[in-house]
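# Descriptive analysis of the structure
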Amino acid sequence: MVKSKLLHILEAQQFDRSWIEKTLFPEAEKLRKQFFRGKVKPILKGKSVCLLFYEPSTRTRLSFQNAALLLGANVAATENAKEFSSAVKGESLSDTIKVVHSLGYSAIVIRSDVEGGAREAASVSKIPILNAGDAGGQHPTQALLDLFTLYKHFGKLDGLTISFVGDLSHSRSTNSLSYLLSKFKRNKIIFVSPKKFKARIDLKDYLIGKGVQIEEVTKISDAIEKSDMVYLTRPQKERFKKGETFGSGFKDYMIDLKMLEKLPKKSIVMDPLPRVGELPEEVDIDKRVVIFDQVQNGLFVRMALLKLVLT
Ligand code: NCD
C-alpha cells in the first residue's frame, strides 16, 4: 500500500511550489550528501521497480535504474518495449500495466511513445506510475532535475529569465520545465525557435494565464544577452512530418564558443541531452555549461522521487 499522498508523477502542473521547495529538494539534497559519503540507506529494500521504455533513452533509464538500485530496490527493465514486449503482439497498455502489478512490482517508470501514455497507464494502475517522457507531451522528472540544477546554481527560482531554444514544438523537456517555472514569481520565458517549430499554443495560453511574461523570437542572438539560463534542445527528427526539415539548420539555435561570449558571466547553459549539434563539445570547458550537473542531479532527484512514492 502506498502511504504517501503522492501516488503518480505524470505532469509538471501537479506539483506546487511548497512541495518542490520543502519536500522534494531537501530530500534530493539529503540523498546527494549520502551518495557522496557512500552512505545511501537501502530504504527501498524489498521493493521492485519496473522500467517500461517504449522509446529510446540513455540518461533517464540509467538514472532511474541506478536511483532504485542505490536505494536497495530491485529493478527490471524492458528496453525498447515497443519491439521487445508483448506490445508487438498487440497487447494493450492497460493489460501490460496490470501484468506488471500482478507480478508484484511496486512502481512503474514508463516512457511512452504516445502523448498521454503515462496518464492512461495511471488510470488503471494501483501502483505508482512515473512518467519518464510521453512522446511530445511531458517529461516531469527531467523538469524537476532541471529546476533543482537551477536552484542549486542561483539559490532562487523567482525573477529569472529563461530562454528555451530549438525545436520547441516537440520538446517535452521544455514543456514541463515551462509549467514548473510558472509556479514561481516574476519569471520570464523567451521561446527561440524557427516559425514552424514554435512552443505549443496550449502551453503559452497556460503560462499567460499564470501571469508569466513570455516572448517569442527566431534567433538565439536576440535572447542570449538577456538570459539567466539558456536551455538548448535538439531537433526531434523522429517526430518530424515526412519531408520536414529544421528550417535553415542549427545556425540560429546553437551555442558555440563565439556565441558563448555573448552569454552574461553569471548565466548558465543547459541541455537535457542528447546533443546533436546545438552545443558542440568545445564549449564544455566553460563552467557556465552545466549539462553534466543536470545529469548527476537527475540521479538525486529520481532517488528522492522514488522514495517519496514508495515509502
Ligand atoms: C530528452 C528526452 O528524451 O525527452 N532527453 C532526456 O530525457 N534526457 C530530450 C531529447 O530526447 O531530446
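The structure reproduced in this document is the subject of the present report. (Residues numbered from 1 in each chain as written. Predicted model: local features only at pLDDT ≥ 70, side-chain atom pairs only at ≥ 80, totals over all residues. Heavy atoms only, no water.)

## Observations regarding the sheet that holds strand 5 (residues 161–165)
To keep it simple, the criterion reads: At least two DSSP bridges between two strands are required for those strands to pair. A helix here means a DSSP run of H or I that spans at least four residues, while a strand means a run of E at least two residues long, and both kinds are numbered starting from the N terminus. Whenever a helix is involved, its axis is fitted only over the stretch in contact; in every case the axis is a line through C-alpha atoms, and angles between N-to-C directions fall within 0 to 180 degrees. In this description, contact between two residues means that some pair of their heavy atoms is separated by no more than 4.5 Å.
An order of 7-6-5-8-9 is seen for the five strands of this open sheet, with the pairing classed as parallel. Only two strands of the sheet have a single neighbouring strand rather than two, namely strand 7 (213–217) and strand 9 (268–270). Adjacent strand axes in the sheet meet at a mean angle of 20°, parallel and antiparallel pairs treated alike. Packed onto the sheet, helix 6 (residues 140–154) meets strand 5, strand 8 (229–232) and strand 9 and runs at close to 165° relative to strand 9.

## Details of the pairing of strand 3 (residues 107–112)
Counted only if it meets this: Buried residues are those whose accessible area, probed at 1.4 Å on protein chains only, stays under 20% of the maximum for their type, while exposed residues exceed 50% and partly exposed ones sit between those limits.
Among the six residues in strand 3, six count as buried, and that is most of the element. Burial along strand 3 is two-sided: Ala107, Val109 and Arg111 facing one way and Ile108, Ile110 and Ser112 facing the other are all buried. Examined bridge by bridge, strand 1 (residues 48–53) and strand 3 share five bridges and lie parallel to one another. Of the residues in strand 3, the one forming a bridge with Leu51 is Val109.

## Focus: unusual backbone geometry
Cis geometry marks the peptide bond from Leu273 to Pro274, where omega comes out at 5°. By the element assignment, Pro274 lies in the loop between strand 9 and helix 10 (291–310). Here the phi dihedral of Ala135 falls at roughly 45°; this positive angle occurs in a residue that is not glycine. Tracing the chain through its elements places Ala135 in the loop between strand 4 (129–134) and helix 6. Its relative accessible area of 7% is what places Ala135 among the buried residues. We note that Leu273 has phi near 65°; this positive angle belongs to a residue other than glycine. Turning to its location among the elements, Leu273 is positioned in the loop between strand 9 and helix 10. Using a relative accessible area of 12% as the deciding quantity, one classes Leu273 as buried.

## Quick notes on the sheet that holds strand 2 (residues 74–78)
If you walk across this open sheet you meet the four strands as 2-1-3-4, and the pairing is parallel. Edge positions in the sheet fall to strand 2 and strand 4, since each has one partner strand and no second. The average undirected angle you get between the axes of adjacent strands in this sheet is 15°. Pairing of strand 3 with strand 4, which is carried by four bridges, proceeds in the parallel orientation.

## Looking at the site of the ligand
The condition is simple: Put simply, a residue is near a molecule or strand once any heavy atom of it comes within 4 Å of that molecule or strand. Pairs of N or O atoms are called polar contacts if they sit within 3.5 Å, as long as, within protein, a hydrogen donor faces a hydrogen acceptor (for residues adjacent in sequence, only side-chain-to-side-chain pairs). Note that accessible areas follow from Shrake-Rupley with a 1.4 Å probe, and for residues the cover is restricted to the protein chains shown. As defined here, a cavity is a set of points on a 1 Å grid over the protein atoms alone where a 1.4 Å probe fits but cannot get out. A pocket is an open set with protein on both sides within 12 Å along at least five of seven lines, and residues line them when an atom is within 4 Å of a point. Each molecule is assigned to a cavity or pocket provided more than half of its atoms lie within 2 Å of the corresponding grid points. Polar here means any residue outside two lists: the nonpolar Ala, Val, Leu, Ile, Met, Phe, Trp, Tyr, Cys and Pro, and the charged Asp, Glu, Lys and Arg; Gly therefore counts as polar.
Taken together, Arg59, Thr60, Arg111, His139, Gln142, Arg172, Ser173, Arg234, Gln236, Pro272, Leu273 and Pro274 form the complete shell of residues around the ligand. Arg111 is positioned with one of its side-chain polar atoms (N or O) 3.2 Å from an oxygen atom of the ligand. Here the ligand loses 93% of its free accessible area of 310 Å² to cover by the protein chains. Here the ligand is seated within the largest pocket. Elements with a contribution of two residues or more to the shell around the ligand: helix 2 (59–70) and helix 7 (172–181). Residue composition of the shell around the ligand, by class: three nonpolar, five polar and four charged.

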